[in-house]
Amino acid sequence: QVYLVESGGGLVQPGGSLRLSCAASGSIRSLNAMGWYRQAPGKERELVASITTSSGSTNYADSVKGRFTISRDNANTMVYLQMNNLKPEDTAVYYCTSTDGLLDYWGQGTQVTVSS
């Protein structure tokens with residue numbers, strides 16, 4: 001079992017920045033990858049960014065490339081999402097996720113609202 005707890009969401013003006021953090025505990029040595037999804041009202045949940053636990057290889061949704069950066073600590077106990085130049089369309093609940101190749105684990109989500 002893996003437990004994920006997100007923090008760092010909030011209200012920010014367009015063009016602003018936020019940093020989301022996700023603390024992982026439990027069977028983290030079994031994890032292959034960690035990442036962030038988001039779900040806006042009335043829309044499906046979508047992948048924002050992911051990072052492998054071994055090599056640190058990253059993957060981003062086209063909509064956030066050049067603005068968001070995913071990173072992790074060397075022990076894979078923390079994963080971060082630095083979000084710059086935020087836009088109103090980035091408003092969503094952001095979920096931390098991880099996988100061991102067999103099971104997916106999810107955090108409870110943190111709200112990010114981009115509005116003036």
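Presented here is a report on the structure given in the accompanying data block. (Residues numbered from 1 in each chain as written. Predicted model: local features only at pLDDT ≥ 70, side-chain atom pairs only at ≥ 80, totals over all residues. Heavy atoms only, no water.)

We now examine the overall build of the protein chain. Along the backbone of the protein chain there are zero helices and 11 strands. With respect to the three principal axes, the spread of C-alpha positions in the protein chain is 40 × 25 × 20 Å. Classification of the 116 residues of the protein chain by burial places 43% in the buried group. Here the analysis covers contacts within the protein chain between residues at least 6 apart in sequence; of these, 52% occur between residues at least 24 apart. (Helix = DSSP H or I, 4+ residues; strand = E, 2+ residues; numbered from the N terminus. Buried < 20%, exposed > 50% of the residue type's maximum accessible area, 1.4 Å probe, protein only. Contact = heavy atoms within 4.5 Å.)

Within the fold, leucine 81 resides in strand β8 (residues 78-83). Residue classification places leucine 81 among the buried positions, given a relative accessible area of 0%. Remark: the alpha-carbon pair of leucine 81 and glutamine 108, spanning 27 residues in sequence, is separated by 16 Å. When near neighbours in sequence (up to four residues on either side) are disregarded, leucine 81 contacts Leu18, Arg19, Leu20, Trp36, Val48, Ala49, Phe68, Thr69, Ile70 and Tyr94.

Let's shift gears to unusual backbone geometry. Despite not being glycine, asparagine 76 shows a phi value in the positive range, around 60°. By the secondary structure assignment, asparagine 76 is in the loop between β7 (68-72) and β8. Taking the relative accessible area as the measure of exposure, asparagine 76 reaches 10% and is therefore buried.

The next subject is the sheet that holds strand β1 (residues 2-7). If you trace the four strands from one edge of the open sheet to the other, you get β1-β3-β8-β7, paired in antiparallel fashion. The open sheet is flanked by β1 and β7, the only strands paired with a single partner. Averaged over all adjacent pairs, the angle separating strand axes in this sheet is 15°, with direction ignored. The pairing of strand β3 (residues 18-26) with β8 spans six bridges and is classified as antiparallel. Opposite leucine 18, over in β8, you have methionine 83 as the bridge partner. (Pairing = 2+ DSSP bridges. Axes fitted to C-alpha atoms, helices over the stretch in contact; angles between N-to-C directions.)

Below, the discussion takes up the nonpolar core. Trp36, Leu81, Met83 and Tyr94 are the most contacted members of the largest nonpolar core, which has 30 residues in total. Elements with a contribution of two residues or more to this core: β1, β3, β4 (33-39), β5 (46-52), β7, β8, β9 (92-99) and β11 (110-114). Ranked by the residues each element gives to this core, the list is headed by β3, at four residues. (Core = buried A, V, L, I, M, F, W, Y, C linked by side-chain atoms within 4.5 Å.)

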